Amino acid sequence: MRLVATEMIDESMVLARNVFAGKCLVLKAGTSHIPKYTNSLKNMGIHYLYVEDELSKDITIPDAITEENRVRCKEILMNTLEDLQKGQSLKLNKLADNVENIISDIMSNSDLQLSLSDLSATDEYTFSHSVSTTVYALLIGYGLKYTRKMMSALAMGTLLHDIGKIVLDPAIVHKEDALTNEEFEYVKKHVECGYELLKDAPNIPTIAKEITLNHHEKLDGSGYPRGLKGDELNEFARISAIADVYDALTSDRCYRKKWPTYKAVDFLIENSGIKFDPDLVRIFIQRIAVYPNGSMVRLSDGKIALVKDQNKYTPLRPIVRVIADENGNRISPFVINLMEVLSLTVIESEVEISKSIINQKRNYTMEEESFL
Ligand SMILES: [Fe+2]
Ligand SMILES: [Fe+2]
């Protein structure tokens, strides 16, 4: 299985994972002839798909939580916020139950190095973002050996961290172009609005409620709303800041495409000790596959390879299958474990290379194709 940009799908590929828009299943795993759906998918804001093809047939991409739990959690969150908008009181029982399933998923996958991004349509960003931010926060919490109770509190806080956006003007919150300074100042209010909405809710610990208020605060005091810094920021605030930014960078937005994983990880490392807690960044990136399974990379000898698997705790040195030489010509595939060949490194990553390979494929003879 591998992740391919929707516009680069060709007839040789079969859909490897279900595609959802909201609560609806749009395309089922196993669907072939995907190119005929390309325009509709792009119109729905779905810019990447997981596919199976000759290049990637024995590659698996692990997810920290099951698809069922991810979809269910988004649905419950959507319903909870809709009820709140209709003036009903905040009911969190169902959400709390679902949180327990997500925590169980994460705790049963202790060796996991997370590769998956949630491929939901861009207009569902708030819900997908809330669930993914929660998964990332829980990976850090798990790394810190949090108790189940602490994990539950962290998850409730991160699921609801952007709840304040529901009381703001949607035309500004979901604006497709860059925000003006004035609009940005307005959107910043979501943190205080969110805290107001949650502060009297029963059954959520205060430390979880404070995530709504503090998830945009930064270690160096450059965040908002209060510009807290250093010791003024508790661990939940520090965790949620990392999880929130990482998911925002690696998600498609109306105004920009998602960043590749390695670039978002670089951003966290560059700001580690400045904006983000360095110990928590270290714990987080140990659990993230910098070069996700199924992604195409260029090695330092110029050859092109598909990432086949991860080496635990060494995210920069995956196991790869070399498929093309330095000129992009297909070669008989072979596997290299970059932990065993330290003279080689990954120097370039993801989609750009895959495009050239896919395009090139059409010029190849049947004989050469059979190498793959
Ligand atoms: Fe936020
Ligand atoms: Fe957020």
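Criteria and cut-off values
Residues numbered from 1 in each chain as written. Chains lettered and ligands numbered in written order. Predicted model: local features only at pLDDT ≥ 70, side-chain atom pairs only at ≥ 80, totals over all residues. Heavy atoms only, no water. Pairing = 2+ DSSP bridges. Helix = DSSP H or I, 4+ residues; strand = E, 2+ residues; numbered from the N terminus. Donors = N, O, S within 2.8 Å, 3.2 Å for Na, K, Ca; no water. Tetrahedral: all angles 85-135°; square planar, octahedral: opposite > 155°, others 65-115°. Axes fitted to C-alpha atoms, helices over the stretch in contact; angles between N-to-C directions. Buried < 20%, exposed > 50% of the residue type's maximum accessible area, 1.4 Å probe, protein only. Contact = heavy atoms within 4.5 Å. Polar contact = N/O pair within 3.5 Å; in protein donor to acceptor, adjacent residues only side chain to side chain. Parallel < 35°, antiparallel > 145°, perpendicular 65-115°, else oblique. Left-handed = near helix turned anticlockwise from the far one by under 90°. Nonpolar A, V, L, I, M, F, W, Y, C, P; charged D, E, K, R; others polar.

## Structural notes on the sheet that holds strand β1 (residues 2–5)
Sheet strands line up and pair through hydrogen bonds in the backbone, either parallel or antiparallel.
Okay, step 1: If you walk across this open sheet you meet the three strands as β1-β5-β2, and the pairing is antiparallel. Edge positions in the sheet fall to β1 and β2 (14–15), since each has one partner strand and no second.
Okay, step 2: As paired elements, β1 and strand β5 (residues 48–52) share four bridges and run antiparallel to each other. Bridge assignment links Leu-3 to a residue of β5, and that residue is Tyr-50.

## Considering the coordination of the iron ion (ligand 1)
Okay, step 1: Of the protein atoms, only Asp-162 (OD), His-190 (NE2), His-215 (NE2) and His-216 (NE2) coordinate the iron ion (ligand 1), at distances of 2.1 to 2.2 Å.
Okay, step 2: Around the iron ion (ligand 1) sit four donor atoms; with metal-centred angles ranging over 86 to 178°, the donor geometry is irregular.
Okay, step 3: Taken in chain order, the donor set of the iron ion (ligand 1) reads D-x27-H-x24-H-H.
Okay, step 4: Between the iron ion (ligand 1) and the iron ion (ligand 2) the interatomic distance amounts to 3.5 Å, and Asp-162 serves as a bridging ligand to the pair.

## Describing the coordination of the iron ion (ligand 2)
Okay, step 1: Here the iron ion (ligand 2) is held by the protein donor atoms His-129 (NE2), His-161 (NE2), Asp-162 (OD) and Asp-244 (OD), which lie 2.0 to 2.3 Å from it.
Okay, step 2: One can describe the donor arrangement at the iron ion (ligand 2) as irregular, given that its four donor atoms subtend angles of 80 to 174° at the metal.
Okay, step 3: Counting along the primary sequence, the residues that act as donors to the iron ion (ligand 2) give the motif H-x31-H-D-x81-D.

## So, the sheet that holds strand β10 (residues 346–349)
Okay, step 1: Reading across from one edge, β9-β8-β7-β6-β10 is the order of the five strands in this open sheet, with antiparallel pairing throughout. The open sheet has two edge strands with one neighbour each: β9 (330–337) and β10. In this sheet, neighbouring strand axes are inclined to one another by 35° on average, regardless of whether the strands run parallel or antiparallel.
Okay, step 2: As paired elements, strand β6 (residues 296–299) and strand β7 (residues 304–309) share three bridges and run antiparallel to each other.

## Some remarks on the environment of Gly-223
Okay, step 1: Topologically, Gly-223 is positioned in the loop between α9 (206–214) and α10 (235–249).
Okay, step 2: We classify Gly-223 as buried; its relative accessible area is 15%.
Okay, step 3: Remark: the alpha-carbon pair of Gly-223 and Ala-241, spanning 18 residues in sequence, is separated by 9.7 Å.
Okay, step 4: Excluding its chain neighbours within four sequence positions, the residues that come into contact with Gly-223 are His-216, Glu-217 and Lys-218.

## Observations concerning the environment of Arg-317
Okay, step 1: If you trace the backbone, Arg-317 turns up in the loop between β7 and β8 (319–324).
Okay, step 2: Counting along the chain gives 29 residues from Arg-317 to Val-346, while the straight-line C-alpha distance between them is 7.6 Å.
Okay, step 3: Excluding residues that lie within four positions of it along the chain, Arg-317 makes contacts with Asn-311, Leu-338, Met-339, Val-341, Leu-342, Leu-344 and Thr-345.
Okay, step 4: Separated by 2.5 Å, the side chain of Arg-317 and the backbone oxygen of Leu-338 make a polar contact.
Okay, step 5: Reaching out from Arg-317, the side chain makes a polar contact with the backbone oxygen of Leu-342 at a distance of 3.1 Å.

## Side note on the packing of α9 against α10
Okay, step 1: Contact geometry for α9 and α10: axes closest at 9 Å, N-to-C directions at 50°. By the angle between their axes, α9 is oblique relative to α10. Between α9 and α10 lies a crossing whose hand is right-handed. Along its contact with α9, which presents Ile-207, Ala-208, Ile-211 and Asn-214, the element α10 presents Phe-236, Ala-237 and Ser-240.
Okay, step 2: Considered class by class, the residues forming the contact of α9 with α10 number five nonpolar, two polar and no charged.

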